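Remarks on the overall topology
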Amino acid sequence: MWNRKERYHISSVEIGQPLAAIVVPEGYTGIAVVLRLNDRPVGFFMQPGERIGVDELAAATLKHAGKQILSDKLYTGFGGAIEAGRSPSLDVAICTHGRPDALARCLKSLAAIGLPCEGNRVLVIDNAPQDERTASAVKDHPGVHYILEPKPGLDFARNRAILESSGELLAFLDDDVVVDHCWLEGLREAWAINRDAGAFTGPILPFELETTAQVVFERMGGFGKSFERVRFSNTLPESSTYPIGAGLFGAGANMVFRREVLDRLGGFDDALDTGAPLPGGGDLDIFYRIVRAGYPLIREPKLLAYHQHRREYGRLRHQMWTWGLGTMAYVNKSWRQDASYRPAIRRWVWWWLCYQFSKVFVPNLRRNRVRWPWDLVAAEVAGAIVGLCGEYDRSIARIERVRRNLI
Amino acid sequence: MKWKVVSIELSEPLRELPVYVGYAGLHVVFFQHGVPLGHCQLAAAQLPASPQHLANHAAKAITLAAGDYLLEEGFRSALPGLPEPLLKSPSKALRSLIELPNSVQELAQHLPVHPDSPLTVSIAVCSRERPQELARCLASLAELSEHALEVLVIDNAPQSTRTREVVEGFPGVRYVLEPRRGLSAARNTAMAFASGSIIAFVDDDTVVHPNWLARIRQRFVDQEVMVVTGLVLPAELETPAQQIFEHNLHFFHQGYRRRRFDAAYFAAMRNKGVPVWEIGAGANMAIRRRAYELGHRFDTRLGPGVFGGCGEDSEFWYGILAAGGSCVYQPSACVFHYHRRELGELRHLVNQYMQGHVAALLLQFVKYGDIGNLRRLLVRLPAEYAILLLRLIVSGFAIDYRILLRGALGYLAGLRFAFRKPLRA
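Worth saying up front: this structure is predicted, and the values here are computed from it rather than measured. (Residues numbered from 1 in each chain as written. Chains lettered and ligands numbered in written order. Predicted model: local features only at pLDDT ≥ 70, side-chain atom pairs only at ≥ 80, totals over all residues.)

Considerations on the overall build of chain B
Tallying secondary structure elements over chain B gives 15 helices and 12 strands in all. Relative to the 2.2 N^0.38 estimate, which gives 22 Å for 425 residues, the radius of gyration of chain B is 22 Å and therefore close to what a compact globule would have. In terms of its C-alpha atoms, chain B occupies a principal-axis envelope of roughly 60 × 55 × 50 Å. Burial status across chain B gives 50% buried among its 425 residues. (Helix = DSSP H or I, 4+ residues; strand = E, 2+ residues; numbered from the N terminus. Rg over C-alpha atoms; globule rule 2.2 N^0.38 Å. Buried ≥ 20, exposed ≤ 12 C-beta atoms within 10 Å, placed from the backbone.)

Next comes the structure, spelled out in structure tokens:
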């Protein structure tokens, strides 16, 4: 349904330096820009065209990051930032399944910020591997621990990581992300003033925008690119359905937890994020439970990662299906286990359906005013309906079989 | 669900914000040297808030207003109905933003100061049978950082002597009786009696900020400015009705950034309908005496006590703009308003406001012939109601639907105004 091939060039601009025009290399149809001020990420925007002049870049920077820049300055002026002091011990877990090249790239980005090192381990959880490729990829990275988890399912792998880890903090990265060079610094700063937090998340930007599917996904909002510093608690005065729309907190591709909190909450739900046919919802579920249990959840802009989106349009459509499915499986579970929240959950599901409608038919009512391709929305809604109709129960039955087969 | 309204002065070091027992949360308004810059809501679960967390909340809440005061370009408030103003020089604007020091003290230097001005101010409080509220308001007027030339209380069509008795308790406050019923008549009488070169109106159910008068006076140094309106902050948010009024209805609150409505704006919006009600609120406005001398009056067919619950203020501003004068919204001149406490009262108020609004649009159309008023009345308002209805459905009826209903009924009732005798005559 997209006739034009789209391919955007991503560049990073340090706006503290004098600006220069950006011209994309041959073959690109648009420009995406990551804006940083004194190395701190402050904004992101993308627009079609092969060139962006200095004045246009300045105007776009003001539009997309002006508020954030000033807000950061005021925050510093009020004495918000404090010395990081002692660093927490951190384990980084990467759960992977048959993607050795992506994994190697992720490990390389961690090595660039000095991970693993004394007190901070990197664990690769190889989930139900069919070959040795992941194991041999890990061998090239000294100091990285290889752990085999035979039960297929992302949340089995994540729970295994909880068992194996010993740090105060435990980070989960997807194998298809790379971390930004200020990721660790951002985590330490956020932890310094939020030692009571249950979880930390950060923005997720596109790693590449080489195909139409990647451009479309990112233009529709991607994984959310807020560069605001937020401390979420169990209430949000402006919203009567918070925290059910847990996508607001972040995504499972880039999240960090206080391990003790994960232990106390019983870890991830094995029946969500099981890989096909239900590869989603586990991150939303853990965010929801953390916030509902009263632990603050911190969104820190420097905890930045780049995600390689689905390259093929067909796989993007399938991803939207799984998002709908996973979201509603999680909602179904919350409905069952959090009885006092049922009225809010019911309202949220209704709102969600109306919201999907608006994505296609009334884009002007939405904040970014982008009309979604109808087939993606249809896939998400179809997934949601299947998700609402007992997917969580089916998934529980499936993982019971997985457990039995392997014991 | 009681919320506590708290003010924080940012020129002092931030301290931990404690838990307030019995309150669901805090509505925190941030001031710098007495200038309101923004607010945020903190639920009880977010308290106590450490100085660092408070710094984050404050920084986010005041960003837009701080940008408005600190920078030439980039943070100016768009005028209602118009797009964001275009940047003259984006590169220069970005440079000045980036070069701002990380200091809040810098902000203090850019805040408006009090220039010496020969202008004298008469304060007018129009009141009708609300002695307790009036006494509270008059007490706050006594605390102003600079004194007014005079304070007038206009007692509008009284049924008892209670207002007079209250005024007698405040030496120096002048009592003026206006037997004709209606806020418009009372306001006109105030302008006729006032001897200052500016007449500043506050409602009797407000209390004023100590710098209120100084901030108003300084804005009139500009000779073209005929009207200055100011920010109306909530004095308390103790009941659901008050919270809905403040957070959902936005009748009074026009933000923390300055705005200027002039003849060019009027010309640009004339055909679409000039949204004069977004200039400010009659609860906090000041008028240059010269406007009265030029013949501007509050229309006595409109306003509380005559028809509907509002409209006389915005219709007056419409006349000012139509005659080429300017109206300025000056958020630093702020008052605190006690919203209606009961949901029943609030629903009635919404109904009355809508009637007044419809009547004002009709009258503006008749008086000035601008088709935009009819467009607003017959197209935009019904469309807005349709959107509200949709949002009500989408939110799963999370909003009090009876408020919406009473508003819609108010719209219909307001149309009666078209058939009133003096209008057709």
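As for the interface of chain B and chain A
On the side of chain A, 38 residues touch chain B, which itself brings 34 residues to the contact. If you tally residues by element for the side of chain B that touches chain A, the top one is helix α1 (residues 51-70) of chain B, at 12 residues. Split into classes, the residues belonging to the side of chain B that touches chain A amount to 19 nonpolar, 14 polar and one charged. (Contact = placed C-beta atoms within 7 Å. Nonpolar A, V, L, I, M, F, W, Y, C, P; charged D, E, K, R; others polar.)

What about the confidence of the model for chain B?
Counting all residues, the mean pLDDT for chain B is 92, and 97% of those residues have values of 70 or more. Predicted complex metrics record ipTM = 0.93 and pTM = 0.94. (pLDDT = per-residue confidence, 0-100.)

Brief notes about the sheet that holds strand β9 (residues 169-174) of chain A
All names here are of chain A. Taken in spatial order, the eight strands make up an open sheet running β8-β7-β6-β9-β14-β11-β15-β13, and their pairing is mixed. At either end of the open sheet lies a strand with only one pairing partner, and these are β8 (144-149) and β13 (230-232). Neighbour-to-neighbour, the strand axes of the sheet open up by a mean angle of 20°, direction not taken into account. (Pairing = 2+ DSSP bridges. Axes fitted to C-alpha atoms, helices over the stretch in contact; angles between N-to-C directions.)

Thoughts on the nonpolar core
A:Ala93, A:Leu173, A:Phe287, A:Leu297, B:Ala124, B:Ile199 and B:Ala200 are the most contacted members of the largest nonpolar core, which has 215 residues in total. Looking at this core, the element that brings in the most residues is α1(B), giving 11 residues. With residues near it in sequence (within four places) discarded, A:Leu297 still touches A:Ala197, A:Gly198, A:Ala199, A:Phe232, A:Phe249, A:Phe287, A:Ile290 and A:Val291. Formed by 21 residues, the second largest nonpolar core is a distinct cluster that contains B:Ile244, B:Val358, B:Leu362 and B:Ile403. (Core = buried A, V, L, I, M, F, W, Y, C linked by C-beta atoms within 7 Å.)

Structural notes on the sheet that holds strand β3 (residues 30-37) of chain A
Strand pairing within a sheet occurs via backbone hydrogen bonds; the two strands may be parallel or antiparallel. All names here are of chain A. Taking strand neighbours across the sheet as the criterion, the three strands line up as β1-β3-β4 in an open arrangement whose pairing is mixed. Each end of this open sheet is capped by a strand with a single partner; those strands are β1 (8-14) and β4 (40-48). Each adjacent strand pair in this sheet contributes to an overall mean axis angle of 20°, direction not counted. With seven bridges joining them, β1 and β3 adopt parallel strand pairing. For Glu-14, the partnering residue across the bridge sits in β3 and is Arg-36. Sitting on the sheet, helix α1 (residues 54-77) is in contact with β3 and β4, with an inclination near 165° to β4.

Considerations on the domain arrangement of chain B
Residue and element names in this part refer to chain B. Partitioning chain B into structural domains gives domain 1 (3-110), domain 2 (121-344) and domain 3 (351-424). Its C-alpha centre places domain 1 at a distance of 26 Å from the equivalent point of domain 2. Those elements that provide at least two residues to the side of domain 1 that touches domain 2 are β1 (3-9), β2 (25-32), β3 (35-43) and α1. When residues of the side of domain 1 that touches domain 2 are assigned to their parent elements, the largest contribution, four residues, is made by β3. Looking at the side of domain 1 that touches domain 2 residue by residue, the class counts come to 11 nonpolar, five polar and one charged. (Domains from an automatic or database assignment.)

Digging into the confidence of the model for chain A
In this model, chain A carries an average pLDDT of 93, and 98% of its residues clear a pLDDT of 70 or more. Within chain A, helix α10 (residues 342-361) of chain A has the poorest average pLDDT of any element, 91, and strand β11 (residues 199-201) of chain A the best, 98.

Quick word on the domain arrangement of chain A
Segmentation of chain A into domains returns domain 1 (8-77), domain 2 (90-311) and domain 3 (316-406). One C-alpha centre belongs to domain 1 of chain A, the other to domain 3 of chain A; they are set 34 Å apart.

Here we look at helix α6 (residues 212-219) of chain A
Residue and element names in this part refer to chain A. Across the eight residues that make up α6, a large majority, seven, are buried. Listed as buried for α6 are Thr-212, Ala-213, Gln-214, Val-215, Val-216, Phe-217 and Glu-218. Its buried side turned inward, α6 meets β1, β3, β4, β12 (204-206) and α9 (313-337). With its phi angle positive at about 125°, Gly-221 sits one or two positions after the end of α6.

Remarks on the packing of α10(A) against helix α11 (residues 374-406) of chain A
All names here are of chain A. In the contact formed by α10 and α11, the axes pass within 9 Å of each other and the chain directions differ by 170°. In terms of axis orientation, α10 runs roughly antiparallel to α11. Judged by residue contacts, Gln-356, Lys-359 and Val-360 of α10 engage Trp-374, Val-377, Glu-380 and Val-381 from α11. Tallied by class, the residues present in the contact of α10 with α11 amount to four nonpolar, one polar and two charged. (Parallel < 35°, antiparallel > 145°, perpendicular 65-115°, else oblique.)

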